[in-house]
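Below, each chain spelled out in residue letters.
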Amino acid sequence: MAEFFDEGGRVSVLTTQGIDRLLTYRAPEGGCWEGAFVEVPLGPRMVMGVVWGPGEQGFDASKLRAVIRVLDVPPMRAEMAEFLTRVGDYTLTPMNFMLRLATRAPGLTNPPSMRKIYRLGHNEPDRKTEARERVLEVLESQAHSAFTLKELAEEAGVTSSVVKGLVKLGAVEEEESPRDLPFPHLDYTAPGKALTGDQAAAAGALRDGVRSGTFGATLLRGVTGSGKTEVYLEAVAECLAQGRQALVLLPEIALTSEFLKRVEERFGAKPAEWHSGVTMTERRRVWRMVAEGGAQMVIGARSALFLPFRDIGLIVVDEEHDNSYKQEDGVLYSARDMSVLRGSINGAQVVLASATPSLETWANAQAGKYNRLDLTSRFGPAVLPEMRTIDMRQEDLPGNRWISPTLATAVRGRIDEGEQALIFLNRRGYAPVTVCRACGHQIGCDHCDARMVEHRFLKRLVCHQCGETKPMPEACPSCEAEGKLAPVGPGVERMAEEVAETFPDARVAVLSSDLFASARALKAQIELIAAGGADIIIGTQIVAKGHNFPKLTLVGVIDADLGLQGSDLRAAERTFQLIRQVAGRAGRGDVSGLALLQTFQPEHPVIRAILSGDEEGFWKAEASERQAAGVPPYGRLAGIVISAPDLDAAMNLGTALARADGPIVQIGAQVFGPAPAPIARIRGRHRVRLLVKAPKTAPLQTALRKWLASVDLRGDIRLSVDIDPQSFY
Ligand SMILES: [Zn+2]
Ligand SMILES: [Zn+2]
């Protein structure tokens, strides 16, 4: 039960500012509750904070400043405070950063007011200019969203006078609206799609879990097209029927519009949306409505996990194996793992859905910590595609060509049947390396230890590490020879060239996230492909993420060995997941599919596991290797990255830490390094890594805290800790 503090009483306040401790204030006029969002003076400024508990008693009351006011938003619930504290403890993140994560909605400190919002009107404009078209397009595609004048103009890339002009013509309507309306009611009593036997059984099990009102985690395993979404929407329906809120996390924004449509079909209205593509006005509305109960369901990106749900009863993490659930900057957390934590605090059910689960989740299910539900059959007559390798050692290919004759013949056959073929290569741009044929110099980034990737579409070289771009130089930057720079190796853009030459009559579509100016343009391309507007699709891993192409019957993987080359402990797991996911794209209609994998090592155990379809066999083999090595999920890792403008400074600190490893050794853990990070320089900062490897049950965080407390971060040295690291750059 939250405590109430009378006016003048001492309260401790957690602020969003960079001070890692609670500050004591006097409670404001009228008093305040524990958990209240408040505005407090801090130095010369006013900042936002949360009343965290009773204040310190030790010092002179006359020196204390008073809380300025209590904000007009629902107080933070005790479960949320506990969740933030535990995520902070787990990830070694200061609490003020955690509070920032939980208050990422603009205008929380503003009093509610009326303002104008803009919607699609009933009249057609007399004259259609490109600018006008863009405004109408934005309103059509995001009809459920509220826009202010400024947001609408920005989203459409026009001046506000264009919008005003459309208002005069009645093509856009301007209305006075109170801020932050509740979301339309979702009708959970409407029946869903008819389910097959194992789908109905899985849905029943999930419904039972939600009805129990207690915490539980379930791995929902099902290949693409097995009806996974329909099944977990049944759990959502049950959750809404219980009067509780549901959250569905998706790995990519591009998937949300398709998913919103399915939710609307199922429940008669669209749920709240939370991701980087949502306007600030809409974010503020979502944050408040989630807190007040005016939003029954949220679909969103990983940060939606930190929304102030009034009563969350279900969290679904779709494509739970996806890398994008790990936040790689700022607070380094895994939204998948933290979903399970949040569920356990809130008495909520957590559903981890995937065709190719992460080894962590698979192992938790094996150990009985998670329930496991398997969906085996696909909708309709389609079955999983047949898979074969193409042994590249046997293929006759000229240099600078990557499509083998065997694959080309297969593609030709599908096109002649009026079907679609996908050429998959997980590499953006034209060529990964640009080399000088005179001196051998490879063009690198000036700020990073990474090679620049040529993007012909952008007519520039791009650093995939820091985003720096520059035009392709005429002369070699090293030996100044002109006309000697040559691309080495393929990217998707280069594949598009080869495909155009090999299949001159085919209609070709390239799907790579960087080729589209907006999510809308990408969506349009995806819709075009789904409608049969292309014969050959060339794609990066973006195609692996759940888009539905009914005419696609052949998948050709250009380089199945690509992911196996890294030293990353998850290289095998990722290759397995990615190729299974991509291959799963083929044959979803009524024609069965074929996946062809070009490889130089067809006997590699991962390639063989992919081919045989023996997924359990793969997981068991991978699990026993990791168990033997004592690495996740059978041991624990923490990555420490030290960065500084000066390499020696970073290295010296790393060496000092490695020598002072007492607290780490005490828990039976080991420190490896320091060593230059695989990418040794990013944005001009040198990077040094240490790795801590600990037994699974060791108190890793406590030891790390003790160990790192001795560090004196002088000057421009930074240190970050990554618990359960996913990548090792
Ligand atoms: Zn040169
Ligand atoms: Zn760079």
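Residues numbered from 1 in each chain as written. Chains lettered and ligands numbered in written order. Predicted model: local features only at pLDDT ≥ 70, side-chain atom pairs only at ≥ 80, totals over all residues. Heavy atoms only, no water.

> Explain helix H16 (residues 605–612) residue by residue, including any values.
Val-606, Ile-607, Ala-609 and Ile-610 are the residues of H16 that are buried. Down the axis, H16 shows its buried residues gathered within 160° of arc, on one side only. Exposed side chains of H16 directed beyond 90 degrees from the buried face belong to Pro-605, Arg-608 and Ser-612. Turning to H16, the residues buried within the fold contact strand S17 (386–391), helix H15 (571–583), strand S27 (594–599) and helix H17 (615–629). The positive-phi residue at the C-terminal boundary of H16 is Gly-613, with phi of around 75°. (Buried < 20%, exposed > 50% of the residue type's maximum accessible area, 1.4 Å probe, protein only. Helix = DSSP H or I, 4+ residues; strand = E, 2+ residues; numbered from the N terminus. Arc of directions from axis to C-beta. Contact = heavy atoms within 4.5 Å.)

> Outline the coordination of the zinc ion (ligand 1), listing residues and values.
Looking at the metal site, the zinc ion (ligand 1) is ligated by Cys-436 (SG), Cys-439 (SG), Cys-476 (SG) and Cys-479 (SG), spaced 2.3 to 2.4 Å from it. For the zinc ion (ligand 1), the four donor atoms in the first shell make angles of 106 to 111° at the metal, so the coordination geometry reads as tetrahedral. Sequence spacing of the donors to the zinc ion (ligand 1): C-x2-C-x36-C-x2-C. (Donors = N, O, S within 2.8 Å, 3.2 Å for Na, K, Ca; no water. Tetrahedral: all angles 85-135°; square planar, octahedral: opposite > 155°, others 65-115°.)

> So what's going on with the sheet that holds strand S31 (residues 718–723)? Which residues, and what values?
On the basis of which strands lie adjacent, the open sheet formed by four strands has the order S29-S30-S28-S31 and antiparallel pairing. Whereas interior strands pair on both sides, the edge strands pair on one side only; in this sheet they are strand S29 (670–682) and S31. Averaged over all neighbouring strand pairs, the angle between strand axes comes to 20°, with direction disregarded. Two elements, strand S28 (residues 635–644) and strand S30 (residues 685–695), share ten bridges in a ladder whose sense is antiparallel. Each residue of the ladder has a partner; that of Ser-643, found in S30, is Arg-687. (Pairing = 2+ DSSP bridges. Axes fitted to C-alpha atoms, helices over the stretch in contact; angles between N-to-C directions.)

> Talk me through the packing of aromatic side chains; I want residue IDs and the actual numbers.
This model, assessed by the stated rule, comprises nine aromatic pairs. On the numbers, 3.9 Å between centres and 15° between planes, the contact of Phe-576 with Phe-618 is stacked. Separated by 42 residues along the polypeptide, Phe-576 in helix H15 and Phe-618 in helix H17 bring together distant segments of the chain. We note that Phe-576, like Phe-618, is buried. Taken together through their ring pairs, the aromatic side chains of Trp-362, Phe-576, Phe-618 and Trp-619 make up a single cluster. The ring of Trp-274 has Arg-283 lying over it, and the distance from NZ or CZ to the ring centre is 5.0 Å. The cationic tip of Arg-456 hangs over the ring face of Tyr-430; the distance from NZ or CZ to the ring centre is 3.7 Å. (Phe/Tyr/Trp six-rings, centres within 6.5 Å; stacked < 30°, edge-to-face > 60°. Lys NZ or Arg CZ within 6 Å of the ring centre and 35° of its normal.)

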